[in-house]
Amino acid sequence: MNPLISTLITIGVVLGGVLGGCSYLIWLERKVAAWMQDRVGPNRVGKFGLLQPIADGMKFLLKEDVIPSHVNKVLFLLAPTISVMTTMLALAVVPIGPTTTDSTSWQAMIAPGIDIGIVFIFAVTSLAVYGIILGGWASNNKYSALGSLRASAQVVSYEIPLGMSILGIALLSGSLNLETILQRQAEGGIGSWNIWFQPLAAMIFFTSALAESNRLPFDLPECEQELVGGYHTEYSALKFGMFFLAEYTHVITVSFLMAIMFFGGWNFPWIATPDSHYAGAWIVKFAVLHTKVLACITFVMLLRWTLPRFRFDQLMGLAWKVFIPLSLCNVVCTMFVRQFSLSWWWLLPVSLALVIITGLISMTPSPKRAASPLQH
Amino acid sequence: MAIQDKEICWVSEPELSFWESTFLPAIAQGLKTTVGHIFDNKTVTQEFPEVKPNLPANFKGVHRLNRDDEGRVKCVACFMCATACPAHCIYIDAAEAPWEDRDKYPERFVIDELKCIYCGMCEEACPCDAIELTSEFDISGQTREEMLYDKDKLLSIFDQTVKLPKDPVRTHGGVLGPASEIVQPMPPGKVPPPLPIISRPANDSSH
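Residues numbered from 1 in each chain as written. Chains lettered and ligands numbered in written order. Predicted model: local features only at pLDDT ≥ 70, side-chain atom pairs only at ≥ 80, totals over all residues. Heavy atoms only, no water.

### Some points on the overall build of chain B
- Per the secondary structure count, chain B includes five helices and five strands.
- Counting from the amino terminus, chain B carries its helices and strands in the arrangement α-α-β-α-β-β-α-β-β-α.
- With 207 residues in all, chain B has 30% of them scored as buried.
- For chain B, restricting intrachain contacts to residue pairs at least 6 apart in sequence, the fraction spanning at least 24 positions comes to 65%.
- As presented, chain B carries roughly 14,600 Å² of accessible surface, and 58% of it is formed by carbon and sulfur atoms. (Helix = DSSP H or I, 4+ residues; strand = E, 2+ residues; numbered from the N terminus. Buried < 20%, exposed > 50% of the residue type's maximum accessible area, 1.4 Å probe, protein only. Contact = heavy atoms within 4.5 Å. Areas by Shrake-Rupley, 256 points an atom, 1.4 Å probe, with all protein chains shown as cover.)

Printed below as a string of structure tokens:
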């Protein structure tokens with residue numbers, strides 16, 4: 001098949017899947033939130049409220065699109081576009097299904113065989129902060145500006161542990177290409193999934209990714225109680241929808257990365273291994289990968305309604321005082337294991353030890369404030 | 001008066017134990033609670049249009065004008081309710097009564113249900129139990145004019161609600177509605193609160 005046509009088809013599939021997926025994930029999130037809070041959730045439009053996402057989408061399209069008179073129009077219109085574009089671009093190098101090295105067949109990936117894979121994703125998704133900053137700045141509104149300032153500080157800080165946490169995987173796999181990373185885990189079976197060798201990195205990556213995508217408990221850029229709506233206060237209708245879509249797409253991308261980099265992608269013992277060539281194996285592998293992704297997204301939703309929001313200094317402290325040193329230690333340990341060709345299983349106890357050491361360090365009492373002279 | 005040293009209580013931050021300082025058990029505990037609610041979902045939502053809420057018998061909803069035993073409007077157009085109304089939402093046009101037993105009757109009796117604050121003062125003020133608040137609350141209209149309830153509308157609300165088990169019980173004379181039969185069951189192990197006893201000082205000679 002003409003590679004141009006097949007790529008266009010893939011782009012169509014990915015875009016359609018992400019847009020549809022996003023709207024139904026919002027439905028799922030509303031349902032999960034409702035169940036957690038002993039409510040019913042959307043149940044008016046269609047059976048179980050299943051048509052609710054379509055109604056919401058129609059509402060976004062048909063609502064009056066207000067552009068306040070005091071905004072910088074060019075930047076105001078540019079911001080949501082940048083947000084959506086960057087998050088969508090990141091999906092280009094994510095394998096959405098099993099891929100092969102055979103370049104003539106159709107690949108479940110927009111741009112197969114990109115060696116800078118993860119670096120590309122981080123480079124592009126960190127551009128998403130431009131959308132937020134421009135949105136907040138162009139709105140010419142103090143709440144939006146505060147929200148975007150918080151967002152920029154947060155995203156820039158968490159980029160470091162995010163990038164650092166996947167260095168270990170790059171060292172173990174010898175590649176930044178997501179397909180290669182996935183292939184190495186798939187060939188070794190469940191015992192060689194990266195989660196066993198990099199559990200600490202997985203935790204840091206997941207938490208930093210939550211912060212990157214501005215999800216709770218790190219949603220300071222848009223915390224409703226303090227900032228009205230944060231950087232998208234002035235946005236309405238489709239432009240607000242685009243910000244929303246960008247945020248959700250980010251969560252999807254991150255979940256794909258979690259599933260592919262740490263949980264073996266489409267690999268699952270017995271039913272989806274590189275050797276399974278039974279009829280429909282492709283479908284099974286596809287389903288396994290997407291089940292893992294869905295599980296990750298559901299976990300993000302569960303966390304959202306479980307953890308309270310961080311204070312801003314706690315947020316910064318977590319990134320700079322905990323995650324960056326921890327991920328550095330993790331990288332050093334991984335280098336050590338690689339350099340001296342030790343068993344990779346050493347990395348599991350080492351990660352646990354690092355967590356325990358962190359706990360012990362934060363347990364040591366901080367220097368007491370000068371005792372009151374009145375106490376003795 | 002200045003604060004004494006011995007009155008000052010110095011509070012210090014509680015020290016975290018090892019597990020507390022990793023925050024992981026706390027997160028797991030929180031997840032246990034939230035996930036537990038997903039699988040053990042005791043929904044408290046009442047799906048309103050299908051399920052009507054079980055309102056208390058003394059709920060103050062939309063008004064009605066009571067009829068007497070002969071089906072005539074009970075109101076004698078004394079303007080007590082309109083005077084008592086803090087929202088000034090009652091308009092009465094009095095006219096000579098066509099009946100022997102009273103002097104006046106309301107030719108027009110309009111309540112602006114949008115202005116009304118549903119305080120029940122009209123009901124309290126009425127000397128002949130002619131106006132009452134029912135437990136109906138889901139009233140709506142397309143225009144403001146529609147929400148001006150006239151005498152016919154208010155009498156028709158009486159016709160609709162008089163047979164309901166939630167017929168008002170707040171009348172202080174005449175025949176009580178069915179809701180007066182409702183016995184509010186006390187949860188076991190709870191004693192009813194004692195009635196407040198208002199005692200007057202013995203040397204109060206004003207009365």
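Once you've had a look at it, read on.
### Details of the domain arrangement of chain A
All names here are of chain A.
- Entries for chain A in the domain assignment read domain 1 (1–62) and domain 2 (66–99 + 106–361).
- Listed per partner, the contact involves 19 residues of domain 1 and 26 residues of domain 2.
- Of the roughly 2,000 Å² buried at the junction of domain 1 and domain 2 (both faces included), carbon and sulfur atoms supply 84%.
- Looking at the side of domain 1 facing domain 2, the largest losses of area belong to Leu-25, Glu-29 and Phe-60, adding up to 30% of the total buried there.
- Inspection of the domain 1/domain 2 interface yields one salt bridge.
- A salt bridge links Glu-29 to Arg-304; its shortest N-O distance comes to 2.9 Å.
- The interface formed by domain 1 and domain 2 contains three residue pairs in polar contact (both at pLDDT 80 or more).
- Counting only elements with at least two residues in the side of domain 1 that touches domain 2, the list comes to helix 1 (3–36) and helix 2 (52–62).
- At 16 residues, the largest contribution of residues to the side of domain 1 that touches domain 2 is made by helix 1.
- Looking at side-chain class alone, the side of domain 1 that touches domain 2 contains 14 nonpolar, four polar and one charged residues. (Domains from an automatic or database assignment. Buried area = accessible area lost by both parts, 1.4 Å probe. Salt bridge = Lys/Arg side-chain N within 4 Å of Asp/Glu carboxyl O. Polar contact = N/O pair within 3.5 Å; in protein donor to acceptor, adjacent residues only side chain to side chain. Nonpolar A, V, L, I, M, F, W, Y, C, P; charged D, E, K, R; others polar.)

### Remarks on the packing of aromatic side chains
All names here are of chain A.
- Scanning the entire structure with this criterion turns up 17 aromatic pairs over all chains.
- Seen from their ring centres, Phe-206 and Phe-299 are 5.5 Å apart, and the 35° between their planes marks the pair as tilted. Note that Phe-206 is positioned in helix 10 (residues 199–212) and Phe-299 in helix 13 (residues 281–304), a separation of 93 residues in sequence.
- On the basis of relative accessible area, Phe-206 is assigned to the buried category, the value being 10%.
- Taken together, a centroid distance of 5.6 Å and an interplanar angle of 40° make the contact between Phe-240 and Phe-244 tilted. (Phe/Tyr/Trp six-rings, centres within 6.5 Å; stacked < 30°, edge-to-face > 60°.)

### Some points on the interface of chain A and chain B
- Tallying the contact residues gives 26 residues for chain A and 26 residues for chain B.
- Buried area between chain A and chain B, both sides added, is near 2,100 Å², and the carbon and sulfur share of it is 64%.
- Counting across the chain A and chain B interface gives two salt bridges.
- A salt bridge links Glu-47 of chain B to Arg-44 of chain A, with the nearest nitrogen and oxygen atoms 2.9 Å apart.
- Counting residues per element, the ones that place at least two in the side of chain A that touches chain B are helix 1, helix 13 and helix 15 (347–363) of chain A.
- If you tally residues by element for the side of chain A that touches chain B, the top one is helix 15 of chain A, at six residues.
- Per-class residue counts for the side of chain A that touches chain B are 16 nonpolar, six polar and four charged.

### Concerning empty space enclosed by the protein
Residue and element names in this part refer to chain A.
- A complete count under the given rule lists four cavities of 30 Å³ or more for this structure.
- A volume near 140 Å³ is recorded for the largest cavity.
- Taken together, 15 residues make up the lining of the largest cavity; nearest its centre are Ala-128, Ile-132, Asn-214, Glu-247 and His-250.
- Sorting the residues of the lining of the largest cavity by element identifies helix 3 (73–90), helix 5 (128–138) and helix 12 (237–261) as the ones contributing at least two each.
- Counting residues per element, the lining of the largest cavity draws most heavily on helix 12, which supplies four residues.
- Its residues assigned to classes, the lining of the largest cavity comprises seven nonpolar, six polar and two charged. (1 Å grid on protein atoms, 1.4 Å probe; cavity = no way out; pocket = protein on both sides within 12 Å on 5 of 7 lines; lining within 4 Å. Points joined across faces, edges and corners; volume = space filled by probe spheres on them.)

### With respect to unusual backbone geometry
All names here are of chain B.
- Unlike most non-glycine residues, His-88 shows phi in positive territory, near 50°.
- Checked against the element boundaries, His-88 lands in the loop between helix 3 (80–84) and strand 2 (90–96).
- The phi angle at Tyr-118 is positive, at roughly 55°, despite the residue not being glycine.
- Relative accessible area serves as the criterion here: at 24%, Tyr-118 is assigned to the partly exposed category.

### A word on the nonpolar core
- Core analysis: the biggest nonpolar cluster contains 75 residues, and Ile-121, Tyr-158, Leu-178, Phe-205, Phe-256, Met-261 and Phe-262 of chain A have the highest contact counts within it.
- Examining the composition of this core, we find that 12 residues originate from one element, helix 12 of chain A, more than from any other.
- Formed jointly, this core draws a minimum of three residues from each of two domains, domain 1 (1–62) and domain 2 (66–99 + 106–361) of chain A.
- Residues contacting Leu-178 of chain A, with those up to four places away along its chain left out, are Val-93, Val-94, Pro-95, Ile-118, Ile-121, Leu-257, Ile-260 and Met-261 of chain A.
- If you look at the next biggest cluster of nonpolar residues, it comprises 28 residues, including Val-73, Ala-82, Ile-111 and Met-147 of chain B. (Core = buried A, V, L, I, M, F, W, Y, C linked by side-chain atoms within 4.5 Å.)

### Quick look at the packing of helix 6 (residues 142–165) of chain A against helix 14 (residues 312–339) of chain A
All names here are of chain A.
- Packing of helix 6 against helix 14 leaves a shortest axis separation of 8 Å and a crossing angle of 15°. In terms of their interaxial angle, helix 6 and helix 14 are classed as roughly parallel. Considering how the two elements wind past one another, helix 6 and helix 14 form a crossing that is left-handed. Within the contact between the two elements, helix 6 uses Arg-150, Ala-153, Gln-154, Ser-157, Tyr-158, Ile-160, Pro-161, Met-164 and Ser-165 and helix 14 uses Phe-312, Leu-315, Met-316, Leu-318, Ala-319, Trp-320, Phe-323, Ile-324, Ser-327, Leu-328 and Val-331.
- The residue makeup of the contact of helix 6 with helix 14, split by class, is 15 nonpolar, four polar and one charged. (Axes fitted to C-alpha atoms, helices over the stretch in contact; angles between N-to-C directions. Parallel < 35°, antiparallel > 145°, perpendicular 65-115°, else oblique. Left-handed = near helix turned anticlockwise from the far one by under 90°.)

### Focus on the sheet that holds strand 2 of chain B
Residue and element names in this part refer to chain B.
- Taking strand neighbours across the sheet as the criterion, the three strands line up as 2-3-5 in an open arrangement whose pairing is antiparallel. Of all the strands in the sheet, the pair left with one neighbour each is strand 2 and strand 5 (148–149).
- When strand 3 (residues 104–112) meets strand 5, the two strands line up antiparallel, connected through two bridges. Considered in strand 5, the bridge of Ile-111 is made with Tyr-149. (Pairing = 2+ DSSP bridges.)

### Topic: a nonpolar patch on the surface
Residue and element names in this part refer to chain A.
- On the surface, Tyr-24, Phe-48, Leu-50, Leu-51, Ile-54, Met-58, Leu-61, Leu-62 and Leu-238 cluster together to form a nonpolar patch covering roughly 870 Å² of accessible area.
- No other element matches helix 2, which puts four residues into the nonpolar patch.
- By the element assignment, Phe-48 lies in the loop between helix 1 and helix 2.
- The exposed category is assigned to Phe-48, whose relative accessible area is 53%. (Patch = residues over 30% accessible without salt bridge, like charges linked within 9 Å, V, L, I, M, F, W, Y side chains within 5 Å.)

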